[in-house]
Amino acid sequence: MTYRQDGSGQKTVDKAMRVLHAFSHERPEFSIGDLSRELSMHQSIVSRLVSALRKWRLLEQDPHSRRVRMGPGAFKLGSLFANRQNIVRTVTPYLGALAMRTGHSAHAVVLDGTRLLVIATAESPSAVRVLMRVGEHRFLHATASGKLFLALSDQAMLAAALKDPGLPKLTPCTVVEPAELLKALQRVRRERVSWNQGESTVGAGAIAAPVIDGAGHIVAAISVVYPLNMVNAAQRQKIAKDTSAAAREVSDVLRTFGQVTKSVTPRSPRMPARLKPD
C-alpha cells in the first residue's frame, strides 16, 4: 500500500481499514468474493488489499479453503493496546475472583463513543453461561453497564446516545421510550448499581457496578451476566453485593496506585446496602 501525496494513498488506507473492520466474532472469516460483496468493493481491489495486509500479517489466508481471517499481526497490535491499559491489568484478577464467587461470567467495559467496549472477561465455571467477548460493542440503553455510564456521565453523553444510535429495540424487554429510560437512570444514580432484565439478549440478565477514578468519574464498569431462569431474587442480591464490592476494590486500586503496572490480589468483598432489581 504505497502512500501518495495526491490523496489516493489516504483512500487506499481507508479501504484497507474497511477490510479489517469487516471481520467480527460473528463473521471471523470471508472468501474474497464474500468480502467484496460485504464491502460493495470491486473484487480485484479487495484482492490487492488482502494481499498487502497479509504481507504485514494483519490477515492470513487458509491454504485449503482460501478464506481470509485476522492474522497474528492484528493480535500483536491488539495485545500492545490491551497491555498498556492499567484498567485491564487491574480489573482482570477481580473478574476471575468474581466469576468464581458468583458462578457466572464477569466482564469489564469502557465507553467507546456512544457504545460500550468489552475490554476483559472471565468465563463462568458453569457449563451453562452467558458469554461476552473482548472487543465486542454493546448498546448503552440496553445493558446494565451502559445505563451506569448514561446515569453517571454528564448530560451531553445521554443526549449524544439518544441521537446516535438512539434506542433500538433489541428484545421485547428493551427500554425504547426516553422518559422510561430517564426514570431508570435516576434509580441507577441513587443506588450506584444497574440491572439488565433481558433487555439486550432474551433470557440473559446482568448486574453492573461502576469503577470510579480519583476525580470521581466513571471510567469503567464491572458486570456479572447470567441466565435469568437460573438466578432467583436472593441470588441476584448476592451477585449485586459481590459485583459492587469488586468494583469498589478496583476503584480503590486505581485511585491509590494510579498507573498500575503489577498484578493485584482481590481482597474479601465489602457489602453495600440492600439493592433491588428492576
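About the cut-offs
- Residues numbered from 1 in each chain as written.
- Predicted model: local features only at pLDDT ≥ 70, side-chain atom pairs only at ≥ 80, totals over all residues.
- Heavy atoms only, no water.
- Helix = DSSP H or I, 4+ residues; strand = E, 2+ residues; numbered from the N terminus.
- Buried < 20%, exposed > 50% of the residue type's maximum accessible area, 1.4 Å probe, protein only.
- Contact = heavy atoms within 4.5 Å.
- Areas by Shrake-Rupley, 256 points an atom, 1.4 Å probe, with all protein chains shown as cover.
- Salt bridge = Lys/Arg side-chain N within 4 Å of Asp/Glu carboxyl O.
- Pairing = 2+ DSSP bridges.
- Arc of directions from axis to C-beta.

(A) Summary view of the overall build of the chain. Check the secondary structure of the chain and you find 9 helices and 9 strands. A buried classification covers 45% of the 278 residues belonging to the chain. Across the chain, every contact between residues at least 6 apart in sequence was considered, and the portion connecting residues at least 24 apart equals 58%. When the accessible surface of the chain is split by element, carbon and sulfur atoms take 54% of a total near 14700 Å².

(B) Structural detail: the pattern of salt bridges. Within this structure, the stated rule accounts for 13 salt bridges. Put simply, Asp 34 and Arg 67 hold a salt bridge, and the shortest N to O gap is 3.8 Å. In this pair, Asp 34 sits in helix α2 (residues 32-39) while Arg 67 sits in the loop between β2 (59-61) and β3 (68-70), placing the two residues 33 residues apart along the sequence. Overall, the relative accessible area of 27% leaves Arg 67 in the partly exposed class.

(C) Up close: the pairing of strand β8 (residues 204-212). Counted residue by residue, β8 has 9 buried out of 9 residues, so it is predominantly covered. In this structure, strand β7 (residues 194-197) lies alongside β8, joined through 4 bridges in antiparallel fashion. Within β8, the position partnered with Ser 194 by the bridge is Ala 208. Where β7 folds back onto β8 in an antiparallel hairpin, the turn is made up of 6 residues, including Gly 198, whose phi is positive at roughly 75°. As defined by bridge partners, β8 adjoins strand β9 (residues 218-227) across 9 bridges and the pair is classed as antiparallel.

(D) Representation of α2. For α2, the full list of buried residues reads Ile 32, Gly 33, Leu 35, Ser 36 and Leu 39. Relative to the axis of α2, the buried residues are bounded by an arc of 165° and lie together on one face. Ser 40 sits one or two positions beyond α2 and adopts a positive phi of about 55°.

(E) View of the sheet that holds β2. Read from one edge of the open sheet, 3 strands run β1-β3-β2, paired in antiparallel fashion. Where the open sheet ends on each side, the last strands, each with one partner, are β1 (29-30) and β2. Here 3 bridges tie β2 to β3, and the two strands are oriented antiparallel to one another. Paired with Glu 60 across the strands is Arg 69, a residue of β3.

Don't take any of this as a statement about function, it's just geometry.
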